[in-house]
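# Fold and contact review
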Amino acid sequence: MDAERVVELLYWRDVKTSGVVFGAGLSLLLSLTLCSIVSVSSYITLVLLSVTICFRIYKGILQAIQKSDEGHPFKLYLKQDVCLSEETVHKYSDCALARFNTTVIELRRLFLVEDLVDSLKFAVLMWILTYVGALFNGLTLLILGLVGMFSFPIIYEKYKVQIDHYVGMANKRVKDIIATVQAKVPGLKRVKAD
């Protein structure tokens, strides 16, 4: 999926497609809160298999009654190539490897305190996440993330001017606070490269 199709999906340009993706994703995550992933995947597989078997039997009975020779109802899909090409696998594995290496380099920089301010920001973020982890489990965060992904773009599109105004005010306030803290605490001033 390319970025343009994802944007169209999240901005609900095609309401039916966005609704199906959002509903299926939310249903999957909510069902995972009740059952294990093994049970959920087994139930999904059984439902899909039941639908395809019933459809195949229905089409067979219909062909027998109408004495038509249409053949297998899934013939078109059975002929399609579903194998991944080596180029596709290499492309995505190279992309994943590049992101993994970038993450490891950044974590090394943060944990070995290359820049004190960045390491302190990371420590504060991890401290905040301990409280988030105490309030929510990972599955709840995934559900909130999915709902947010399908809600926030539409809300932002409708109220862009007001949101930008308040975000600008908040950013200015945060920058002022950071500048004040950096000025008062020795050793937190960033050294500017020439």
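Thresholds, definitions, all that
Residues numbered from 1 in each chain as written. Predicted model: local features only at pLDDT ≥ 70, side-chain atom pairs only at ≥ 80, totals over all residues. Heavy atoms only, no water. Core = buried A, V, L, I, M, F, W, Y, C linked by side-chain atoms within 4.5 Å. Buried < 20%, exposed > 50% of the residue type's maximum accessible area, 1.4 Å probe, protein only. Helix = DSSP H or I, 4+ residues; strand = E, 2+ residues; numbered from the N terminus. Contact = heavy atoms within 4.5 Å. Salt bridge = Lys/Arg side-chain N within 4 Å of Asp/Glu carboxyl O. Phe/Tyr/Trp six-rings, centres within 6.5 Å; stacked < 30°, edge-to-face > 60°.

Turning to the nonpolar core, a few remarks are in order. L9, L10, F22, L26, L29, L32, V40, I143, L146 and F150 form the largest nonpolar core, which has ten residues in total. Going through the elements one at a time, α1 (3-10), α2 (15-34) and α7 (138-158) are the ones with two or more residues in this core. Ranked by residue count, the leading element in this core is α2, at four residues. Not counting residues up to four positions away in its chain, the partners in contact with L26 are I143, L146 and V147.

Further remarks concern the side chain of Q63. By secondary structure assignment, the location of Q63 is in helix α3 (residues 37-66). On the basis of relative accessibility, which here comes to 16%, the residue Q63 falls in the buried class. Contact partners of Q63, with chain neighbours within four places excluded, come to S68, E70 and G71.

Here we take up the pattern of salt bridges. As enumerated under the stated definition, the model contains five salt bridges in all. Linking R13 and E157 is a salt bridge whose minimum nitrogen-to-oxygen distance equals 3.0 Å. Of this pair, R13 sits in the loop between α1 and α2 while E157 sits in helix α7, placing them 144 residues apart in sequence. Judged by relative accessible area, which is 40%, E157 ranks as partly exposed. Between R109 and E106 there is a salt bridge, and its shortest N-O distance comes to 2.8 Å. Separated by three residues within a single helix, R109 and E106 lie in helix α5 (residues 86-111), roughly one turn from each other. In this structure E106 comes out as partly exposed when scored by relative accessible area, which is 34%. Each of E106, R109 and D118 takes part in salt bridges that share partners, so that together they form one network.

Now for unusual backbone geometry. Working note: non-glycine residues mostly have negative phi, and peptide bonds are mostly trans. Positive phi values are uncommon outside glycine, yet K67 reaches one of about 55°. Tracing the chain through its elements places K67 in the loop between α3 and α4 (75-79). Here K67 falls in the exposed class, since its relative accessible area comes to 74%. A positive phi angle, close to 50°, is found at V113, a residue other than glycine. Counting through the fold element by element, V113 comes out in the loop between α5 and α6 (116-135).

Applying the stated rule across the entire model yields six aromatic pairs. With a centroid separation of 5.8 Å and an interplanar angle of 75°, the aromatic rings of W12 and F150 are classed as edge-to-face. Of the two residues, W12 is situated in the loop between α1 and α2 and F150 in helix α7; the sequence distance between them amounts to 138 residues. Classification of F150 as buried rests on a relative accessible area of 5%. For the pair F22 and F150, a centre-to-centre distance of 5.2 Å together with 50° between the ring planes defines the contact as tilted. Of the two residues, F22 is situated in helix α2 and F150 in helix α7; the sequence distance between them amounts to 128 residues. As far as the burial class goes, F22 and F150 line up, both buried. Put simply, the rings of W12, F22 and F150 pair up and form one aromatic cluster.

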